[in-house]
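Analysis of the macromolecular model
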There are 2 protein chains.
Amino acid sequence: MPLTYNPPLRDMHFALHEVLGAVETLQKLPRFADFDRDTCNAILEEAGKFAAEVVAPTNSIGDLQGCTLDKQSHSVKTPDGFRQAYQQYVEAGWPALSCDPAYGGQGLPFVVNQCLYEMLNSANQAWTMYPGLSHGAYEALHAHGSDALKQRYLPRLTSGEWTGTMCLTEPHCGTDLGLLRTKAEPQADGSYLLTGSKIFISAGEHDMAENIVHLVLARLPDAPAGSKGISLFVVPKYLVNDDGSLGARNPIFCTGLEHKMGIHGNATAQLSLEGAVGHLVGQPHKGLAAMFVMMNAARLGVGNQSLGLTEIAYQNALAYAKERLQMRALSGPKAPEQPADPIIVHPDVRHQLLTAKAYAEGGRLLSAYCGVLLDKAHAAEDETERAGAQAELALLTPIVKAFLTDNGLAATIGCQQVFGGHGYIRETGMEQLVRDARINLIYEGTNAVQALDLLGRKVLGDGGKALTQFGRKIAAWGAEHADNPKMAEFLLPLQDLGERLTEVTQAIGARAQRNPDEVGVAAVDYLRIAGHLTFGWLWARAAQTALQAIADGRDDPLYPAKIETARFYFARLLPEVETPLKRLQAHANTILKTSHTLA
Amino acid sequence: MPLTYNPPLRDMHFALHEVLGAVETLQKLPRFADFDRDTCNAILEEAGKFAAEVVAPTNSIGDLQGCTLDKQSHSVKTPDGFRQAYQQYVEAGWPALSCDPAYGGQGLPFVVNQCLYEMLNSANQAWTMYPGLSHGAYEALHAHGSDALKQRYLPRLTSGEWTGTMCLTEPHCGTDLGLLRTKAEPQADGSYLLTGSKIFISAGEHDMAENIVHLVLARLPDAPAGSKGISLFVVPKYLVNDDGSLGARNPIFCTGLEHKMGIHGNATAQLSLEGAVGHLVGQPHKGLAAMFVMMNAARLGVGNQSLGLTEIAYQNALAYAKERLQMRALSGPKAPEQPADPIIVHPDVRHQLLTAKAYAEGGRLLSAYCGVLLDKAHAAEDETERAGAQAELALLTPIVKAFLTDNGLAATIGCQQVFGGHGYIRETGMEQLVRDARINLIYEGTNAVQALDLLGRKVLGDGGKALTQFGRKIAAWGAEHADNPKMAEFLLPLQDLGERLTEVTQAIGARAQRNPDEVGVAAVDYLRIAGHLTFGWLWARAAQTALQAIADGRDDPLYPAKIETARFYFARLLPEVETPLKRLQAHANTILKTSHTLA
């Protein structure tokens, strides 16, 4: 029984067109003036087919086989079918979707690319990381590379002929990049020779493309200590001649692959740089800033990974719950003609399914909302509009990363639980989803790091300005619908939560002035609350859209379903905030002053 | 870097001797009159050595190799070292620890066996399931078998020469055993021939012992339909001659092994019964009741499995957090002589560690408390005392199973998170703990089934009598310490939670009278709250014991550590009840009336 997958096209239309009016917003940006709903829908339909028909069949085999390294040749073999699926991906032009037409891209909005990626992630997260990392490398080079570097690398990354990586982590440093040791020695010709060891490099070596464009953080000889002395380099697996043909093998070698809990199909490489030739990207010592272009897009991408896993976990658990017969409903048989009722009658099974559905559909709204913000931040003509979109996106990025990945782990575990013992065995595919989902809480900055980013930098760092702005947006939207009595059940708890978050923010801000560690004590709880405020707003918008559609006489089972799911969300998931809100009242010393316990 | 493990002997002493006064309680039972603290401690010390030195080294290899089936001979090979460790286990006499001296057992209290098992589970849960299932089979036969069956099987189960299993699940039925189809045909000689298929049989086939004693649920030809027509049979792998020697191979064959998320070292067998000879255990059609003896002990055992995993996850995460250098504390460097601070300075890391510690030590208290209850339920002379202990144990069993396994999954995930990316790779051993911990929420009745058992059967089923009794015990204990001002921080929230649980119980009871599905809607949330009430009481007792020890001038770093951990528990884990309490206020229709959403 492999997992089944039906691309959630109808729900994407609902999110993009009906709730967010994404296409209409994008059309106002000159770059996307010709973009329309039909184009959007046609692309999504093809993308869904590609994900379901070409990529999904590789998922289980990828998990089973993993990648293998030939230590002699430093070459890595990906699982059966990965290479072929990637060739089809390149041939169909998918890598170019949202890339710059100047380098062969199709110039479509980022948000469309994000929908493509959601579906690819549902189909096979490990596989999707290969093009995903490439796109990250593309973004960083596009934003910070010299014209020469762009001309050399971007067309091939755009076409997908070459893939990319981001090489940050070293054995002794993950979060703390200021500790990194890889060295870059300047050469007479303006290039650099890089020496050092990198670990945990996703898609770091493979047989899917003819070249790999590594973006590597390293230190120049005169670099200041710490994070202010880090520079970014492009280090190709094969050197590139001036005519664009491939030259010599650059000594950046895969020396080992990690054996991981999940995402087995992705090669997590240890890389040894043995005097590898690189070129500087951006300014010396400003590598972290350049890399953060990539990191922020990657963080949205990680949230999107968990969204994809949540969706496919939900679809399969729902199908199983309708088929599996076990016990009777407590209120009496619901399928008396059968030897037992389908387990979907049992309230806890429904709770697990509704949770996954609310997380998937809410996550889709959040992901699409941020996709549009990213498009605005890049393509709006007005600088203030760009800056506004950028500020809102900066606030929401750690929420997308941490909230959606926490939800994704909970949802895949809950959907696995629906399968009972059958969920624990490989055959059903559910346990792989949990193992794959687990990494998303860790990489691209652990969820605790996201929480510190949100509370310390994005909220308290600007004196609450961005948060206040976002809160006003929510309040203004609420005011628009305040006279609709049917919206009260959604608007009142949303308003209440907004007020509580404001109070809590002020309280933490005051405490943090006395002791900066208070930020660390509060951050994870704070992000969970902020995530629910964001989700609550989007679910209220979904409910309002559905109520309006019904009032307009539109007959589609999606609308009553949306209202039910919104009600479930407000009644049974939003209350998750009660625990962190209570915890934020506790004294920080219950964590900080525990030296006897943690002796 | 394999996992390290230090048997938590000091904390066991604290739980057993200082908080619970377990030995003194047991001494009052004639069967254990000679049992004393020195004996207890000496056994625990040896048990800890065995777990750490003999069993722990098999854990990682067991995960990597798993079990292999030779389909020709139906034989299963366990991972390297499993058989040898088991031989040492048998030679040292560990299987006999709490068995009946009438069959060669050592007659020690069950609670001591439970401490042994906690340590074995820390060392290797998959391995420990082999003796664990044997002990369950021993208990069921001891309680329900005829004298002849007992004479035949119990001595060899007691010695560990033979192992046991419980064969319940079939492909179409797990929770709903009423659906099972395996048939038992009576023979002229009083035996039965069994035919059918079983799946998910833990320790169902292996090479560790010369015989396997399967306890099998099946239907007699005249059996009523459903769960009232199920009988229990003993079906040995090899028939046993009257002189105790092994006879012919009984046709109960392993036809497949499951590939699972975790516990790879345990053989999860598909068994085909092809006219296998069995003998009836207990009364015809009363098999479920007989099996429930085993199930209830097994449920305590599953909680104990997660306790073991929580402990070892904590120990290793703590060690890593002290060594791993990454970033500076927000309040300024704590290890200025190093390039970065150890990550234990970061509040979220501390939160994860303290959570695991509070769950481990609280779980140890709960497990020991229930172990003593089980000993009382079996060995008290006074029938009322036995019945009282049995009723309290029945109430607490689903809490032990579900609360400790939920905690265990959360704690192993949290401790894995402390390792960052290093927690996601096999090398550190942390991800195995998560995969192993995951099964504990599923088998021996899913945690949702436990919740229904608690709320439907144990609480509402007797009109709240057992719960009220338990609540009085907590209140009486609280009253004893109410005049100690240092206890207020623990007693007040405990009292508050007790009152809220009482209110909630009444409210659900009233709603359930109108609609029985309300029980299913409320059950999982309810168990979580009841679990915290139980944990809160035990943590308050731990704090009281530690405060008293300090007041008595006893100088041991354990005492201030206990007070810190208790404070952390009350400030940051007990507030978990806020969410389910809020959720219980929501209308059941937000789950029940969701047919559009779950279409």
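Residues numbered from 1 in each chain as written. Chains lettered and ligands numbered in written order. Predicted model: local features only at pLDDT ≥ 70, side-chain atom pairs only at ≥ 80, totals over all residues. Heavy atoms only, no water.

**Overview of the relation of the copies chain B and chain A**
If you rotate chain B by 180 degrees and push it 0.0 Å along the axis, it lands on chain A with an RMSD of 0.0 Å. One copy is carried onto the other by what is essentially a two-fold rotation axis. (Least-squares fit on C-alpha atoms with pLDDT ≥ 70 in both.)

**Some details on the packing of aromatic side chains**
Residues and elements named next belong to chain A. Under the defined criterion, the tally for this structure stands at 34 aromatic pairs over all chains. Plain terms: the ring middles of Phe535 and Tyr569 are 6.0 Å apart, the flat faces sit at 50 degrees to each other, and that makes the pair tilted. Residue Phe535 is located in helix 16 (residues 517-551), and its partner Tyr569 is located in helix 17 (residues 558-573); the two are separated by 34 residues in the primary sequence. Looking at Tyr569, the relative accessible area reads 0%, which means it is buried. By the ring-pair criterion, three or more aromatic residues cluster together here, those being Tyr359, Phe403, Phe490, Phe535, Tyr569 and Phe570. One Lys or Arg, Arg249, reaches over the ring of Tyr238 and ends 5.7 Å from the middle of that ring. (Phe/Tyr/Trp six-rings, centres within 6.5 Å; stacked < 30°, edge-to-face > 60°. Helix = DSSP H or I, 4+ residues; strand = E, 2+ residues; numbered from the N terminus. Buried < 20%, exposed > 50% of the residue type's maximum accessible area, 1.4 Å probe, protein only. Lys NZ or Arg CZ within 6 Å of the ring centre and 35° of its normal.)

**Notes on the nonpolar core**
Ranked by internal contacts, the top residues of the largest apolar core, which has 412 residues, are Trp127, Leu215 and Leu353 of chain A together with Trp127, Leu215, Leu353 and Tyr526 of chain B. If sequence neighbours within four positions are ignored, Trp127 of chain A has contacts with Phe50, Val55, Phe82, Ala85, Tyr86, Tyr89, Leu120 and Met208 of chain A. (Core = buried A, V, L, I, M, F, W, Y, C linked by side-chain atoms within 4.5 Å. Contact = heavy atoms within 4.5 Å.)

**Here we look at the UniProt feature "domain: Acetyl-CoA dehydrogenase-like C-terminal" (unreviewed entry) in chain A**
UniProt marks residues 482-593 of chain A with the feature "domain: Acetyl-CoA dehydrogenase-like C-terminal" (unreviewed entry), using the numbering shown here. As annotated, residues 482-593 of chain A has a helix share of 79% and a strand share of 0%, and its two end C-alpha atoms lie 46 Å apart. (UniProt positions renumbered as here; feature names shortened; annotations may be inferred.)

**With respect to the interface of chain B and chain A**
Between chain B and chain A, the residue contacts involve 93 residues of the former and 93 residues of the latter. Both sides together, the interface formed by chain B and chain A hides about 7900 Å², and carbon and sulfur atoms give 60% of it. On the chain B side of the contact with chain A, Tyr424, Arg572 and Leu598 of chain B bury the most area, a combined 12% of that side's loss. For the interface between chain B and chain A, the tally reads two salt bridges. Residues Glu578 of chain B and Lys582 of chain A are paired through a salt bridge, measuring 3.9 Å at the closest nitrogen-oxygen approach. At the surface where chain B touches chain A, the tally comes to 59 residue pairs in polar contact (both at pLDDT 80 or more). Here the side of chain B that touches chain A gets eight residues from one element, more than from any other, and that element is helix 17 (residues 558-573) of chain B. Across the side of chain B that touches chain A, the residue classes tally to 46 nonpolar, 25 polar and 22 charged. (Buried area = accessible area lost by both parts, 1.4 Å probe. Salt bridge = Lys/Arg side-chain N within 4 Å of Asp/Glu carboxyl O. Polar contact = N/O pair within 3.5 Å; in protein donor to acceptor, adjacent residues only side chain to side chain. Nonpolar A, V, L, I, M, F, W, Y, C, P; charged D, E, K, R; others polar.)

**Notes on the side chain of Asp341 of chain A**
Residue and element names in this part refer to chain A. Among the structural elements, Asp341 can be located in the loop between helix 9 (287-323) and helix 10 (347-379). According to the relative accessible area criterion, Asp341 is buried, its value standing at 0%. From its side chain, Asp341 meets the backbone nitrogen of Lys334 in a polar contact 3.0 Å long. Excluding residues that lie within four positions of it along the chain, Asp341 makes contacts with Arg324, Leu325, Gln326, Met327, Arg328, Ala329, Gly332, Pro333, Lys334 and Ala335.

**Some details on the pattern of salt bridges**
All chains considered together, the criterion is met by 60 salt bridges over all chains. Between Glu205 of chain A and Arg249 of chain A there is a salt bridge whose closest N-O contact spans 3.6 Å. With Glu205 of chain A in the loop between strand 5 (192-202) and strand 6 (211-218) and Arg249 of chain A in strand 9 (residues 246-249), the pair connects residues that are 44 residues apart, well separated along the chain. Using a relative accessible area of 1% as the deciding quantity, one classes Glu205 of chain A as buried. Residue class for Arg249 of chain A comes out partly exposed when judged on its relative accessible area of 26%. One salt bridge connects Arg528 of chain B with Glu576 of chain B, and the closest N-O pair in it is separated by 2.8 Å. One end of the pair, Arg528 of chain B, is in helix 16 (residues 517-551); the other, Glu576 of chain B, is in the loop between helix 17 and helix 18 (578-583), with 48 residues separating them in the sequence. Glu576 of chain B carries the same exposure label as Arg528 of chain B, and that label is buried. Salt bridges sharing common partners tie together Asp11, Glu118, Glu311, Lys357, Glu361, Arg364 and Lys562 of chain A.

**Comments concerning the UniProt feature "domain: Acyl-CoA dehydrogenase/oxidase N-terminal" (unreviewed entry) in chain A**
UniProt marks residues 41-161 of chain A with the feature "domain: Acyl-CoA dehydrogenase/oxidase N-terminal" (unreviewed entry), using the numbering shown here. Helix makes up 65% of residues 41-161 of chain A and strand 5%. Its end C-alpha atoms lie 27 Å apart.

**Describing the pairing of strand 5 of chain A**
Residues and elements named next belong to chain A. Burial analysis of strand 5 places eight of its 11 residues in the buried class, which makes it a mostly covered element. Relative to strand 5, strand 4 (residues 183-186) is paired through four bridges, and the arrangement is antiparallel. Looking at the pairing, Lys183 lines up with Thr195 of strand 5. Where strand 4 folds back on strand 5, the antiparallel hairpin that results is connected by five residues, among which Gly190 adopts a positive phi of roughly 90 degrees. Across nine bridges, strand 5 lies against strand 11 (residues 268-281) in antiparallel orientation. Counterpart to Tyr192 in the pairing with strand 11 is Gly278. (Pairing = 2+ DSSP bridges.)

**Details of the packing of helix 3 (residues 37-55) of chain A against helix 6 (residues 110-123) of chain A**
Residues and elements named next belong to chain A. Where helix 3 contacts helix 6, the two axes come as close as 9 Å, and the packing angle between them is 20 degrees. With respect to their mutual orientation, helix 3 and helix 6 come out roughly parallel. With respect to the hand of their crossing, helix 3 and helix 6 are arranged in right-handed fashion. Along the contact surface, helix 3 presents Ile43, Leu44, Ala47, Gly48, Phe50, Ala51 and Val55, while helix 6 presents Val112, Cys115, Leu116, Met119, Leu120 and Ala123. (Axes fitted to C-alpha atoms, helices over the stretch in contact; angles between N-to-C directions. Parallel < 35°, antiparallel > 145°, perpendicular 65-115°, else oblique. Left-handed = near helix turned anticlockwise from the far one by under 90°.)

**Considering helix 8 (residues 147-159) of chain A**
All names here are of chain A. Taking 1.5 Å of rise per residue, 13 residues should cover 18 Å, and helix 8 covers 18 Å from first to last C-alpha, within 8% of that figure. The largest bend along helix 8 measures about 35 degrees and falls at Tyr153, with the proline Pro155 one to four residues further on. Listing the buried residues of helix 8 in full gives Leu149, Lys150, Tyr153, Leu154, Leu157 and Thr158. Contact partners of the buried residues in helix 8: helix 7 (125-144), strand 3 (162-167), strand 6, strand 7 (231-236), strand 8 (238-240) and strand 11. (Expected span 1.5 Å × (residues − 1). Bend = angle between axes of the 7 residues up to and from the residue.)

**Structural notes on the environment of Tyr130 of chain A**
All names here are of chain A. Relative to the elements of secondary structure, Tyr130 occurs in helix 7. A relative accessible area of 1% places Tyr130 in the buried class. Taking C-alpha positions, Tyr130 is 7.8 Å from Gly164, a pair spaced 34 residues apart along the chain. Once you skip the residues sitting within four places of it in the chain, Tyr130 turns out to touch Cys67, Thr78, Phe82, Ala203, His206, Met208, Gly265, Asn266 and Ala267. Within the local environment of Tyr130, its side chain forms a polar contact with the backbone oxygen of Gly265, the two atoms lying 2.7 Å apart.

**Some thoughts on the side chain of Glu578 of chain A**
Along the polypeptide, Glu578 of chain A turns up in helix 18 (residues 578-583). The class for Glu578 of chain A is buried, based on a relative accessible area of 14%. Discounting chain neighbours no more than four positions away, the residues touching Glu578 of chain A are Arg500 of chain A together with Glu578, Thr579 and Lys582 of chain B.

**Digging into the environment of Thr68 of chain B**
Residue and element names in this part refer to chain B. Looking at the element boundaries, Thr68 is found in strand 1 (residues 68-70). A C-alpha to C-alpha distance of 9.2 Å links Thr68 and His206, two positions 138 residues apart in sequence. When near neighbours in sequence (up to four residues on either side) are disregarded, Thr68 contacts Ser75, Val76, Lys77 and Leu257.

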